[in-house]
Amino acid sequence: MNLHLRPVQPSHYATVASWPESTEATQRWAGPGVPFPLPPERFAQVLELAKRPGWVLLEGPGLCVGFGQYWTTGAGTAHLGRIIVSPRARGRGLGRLLMQALSAQALHEDAVRHLTLRVYRDNTAAVALYRDLGFQQVEASSTPELLFMRRTSG
Ligand SMILES: CC(C)(COP(=O)(O)OP(=O)(O)OC[C@H]1O[C@@H](n2cnc3c(N)ncnc32)[C@H](O)[C@@H]1OP(=O)(O)O)[C@@H](O)C(=O)NCCC(=O)NCCS
């Protein structure tokens, strides 16, 4: 597989916006209040790409198969969010590769040593993936619905 992580481009917005199949799926992926369908022309503003840069996982020369964001939240910490793989491409290891590539990119930033994320407790696939990648739940920062998870590098 020829896969690489690249900054998201406007030409990817419609593709990524088409992946969540319902209001519930959209909000579980991107947060409460995010509209379904998410119009491509509102993608950058709604996901606050100026503050929270987005990245795509490309397969081959330009097939967009995954998307995610990260932003720094405090001393030495980057928060990962809006992780999603194309529904047609799930179960092939791409979510794992996307998370690994996005984590490596975030840890490449000056002084970032900790990675955090939030995930719905009943999102079995995502929770299993994050645990497998070394993220540990922090109950004190979690809610009955949402797990807060953290990983420290090295
Ligand atoms: C979560 C998501 C990104 C996983 O992507 P994926 O490409 O299907 O995942 P992979 O094929 O790389 O699988 C990686 C691991 O995830 C877990 N996993 C994936 N699909 C699973 C499923 N249906 N049930 C249980 N665990 C699953 C497994 O631990 C798997 O490792 P394994 O293959 O060694 O068993 C994808 O399901 C998705 O886009 N979901 C919708 C958006 C979303 O919920 N994002 C998370 C927001 S926090």
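We now examine the site of the ligand. Residues in close proximity to the ligand total 18 residues, the closest being I83, G91, G93, G95 and N123. At 2.7 Å from a nitrogen atom of the ligand is found a main-chain nitrogen or oxygen belonging to I83. At 3.5 Å from an oxygen atom of the ligand is found a main-chain nitrogen or oxygen belonging to L94. Summarising the interface, the protein chains cover 68% of the accessible area of the ligand, which totals 940 Å² for the free molecule.

Given 3.6 residues to a turn, an α-helix orients residues that are three or four positions apart in the same direction. For helix α2 (residues 23-30), the full list of buried residues reads A25, T26, W29 and A30. For α2, the angular spread of buried residues about the axis comes to 105°, placing them on one side. Contact partners of the buried residues in α2: α1 (10-17), α3 (43-46), β3 (63-74) and β4 (77-85). Downstream of α2 by one or two residues, G31 has phi in the positive range, about 115°.

Below, the discussion takes up the sheet that holds strand β6 (residues 136-137). Taken in spatial order, the seven strands of this open sheet run β1-β2-β3-β4-β5-β7-β6, and their pairing is mixed. For this open sheet the edge positions go to β1 (3-7) and β6, each flanked by a neighbour on one side alone. Across three bridges, β4 lies against strand β5 (residues 114-120) in parallel orientation. Bridge assignment links T77 to a residue of β5, and that residue is H114. In the packing of α2 onto the sheet, contacts are made with β3, β4 and β5, and the angle to β4 comes to roughly 155°. Strand contacts of helix α5 (residues 124-132): β4, β5, β6 and β7 (146-152), with the helix running at about 160° to β5, the strand carrying the most contacts.

The next subject is the packing of helix α4 (residues 94-108) against α5. Put simply, α4 and α5 touch, their axes get as near as 11 Å, and they point 50° apart. One element, α4, and the other, α5, form an angle in the oblique class. As α4 runs across α5, the sense of the crossing is right-handed. The segment α4 lies against α5, with G95, R96 and M99 engaging L129, Y130 and D132. The residue makeup of the contact of α4 with α5, split by class, is three nonpolar, one polar and two charged.

Each value, and the rule that gives it
Residues numbered from 1 in each chain as written. Predicted model: local features only at pLDDT ≥ 70, side-chain atom pairs only at ≥ 80, totals over all residues. Heavy atoms only, no water. Near = heavy atom within 4 Å. Polar contact = N/O pair within 3.5 Å; in protein donor to acceptor, adjacent residues only side chain to side chain. Areas by Shrake-Rupley, 256 points an atom, 1.4 Å probe, with all protein chains shown as cover. Buried < 20%, exposed > 50% of the residue type's maximum accessible area, 1.4 Å probe, protein only. Helix = DSSP H or I, 4+ residues; strand = E, 2+ residues; numbered from the N terminus. Arc of directions from axis to C-beta. Contact = heavy atoms within 4.5 Å. Pairing = 2+ DSSP bridges. Axes fitted to C-alpha atoms, helices over the stretch in contact; angles between N-to-C directions. Parallel < 35°, antiparallel > 145°, perpendicular 65-115°, else oblique. Left-handed = near helix turned anticlockwise from the far one by under 90°. Nonpolar A, V, L, I, M, F, W, Y, C, P; charged D, E, K, R; others polar.

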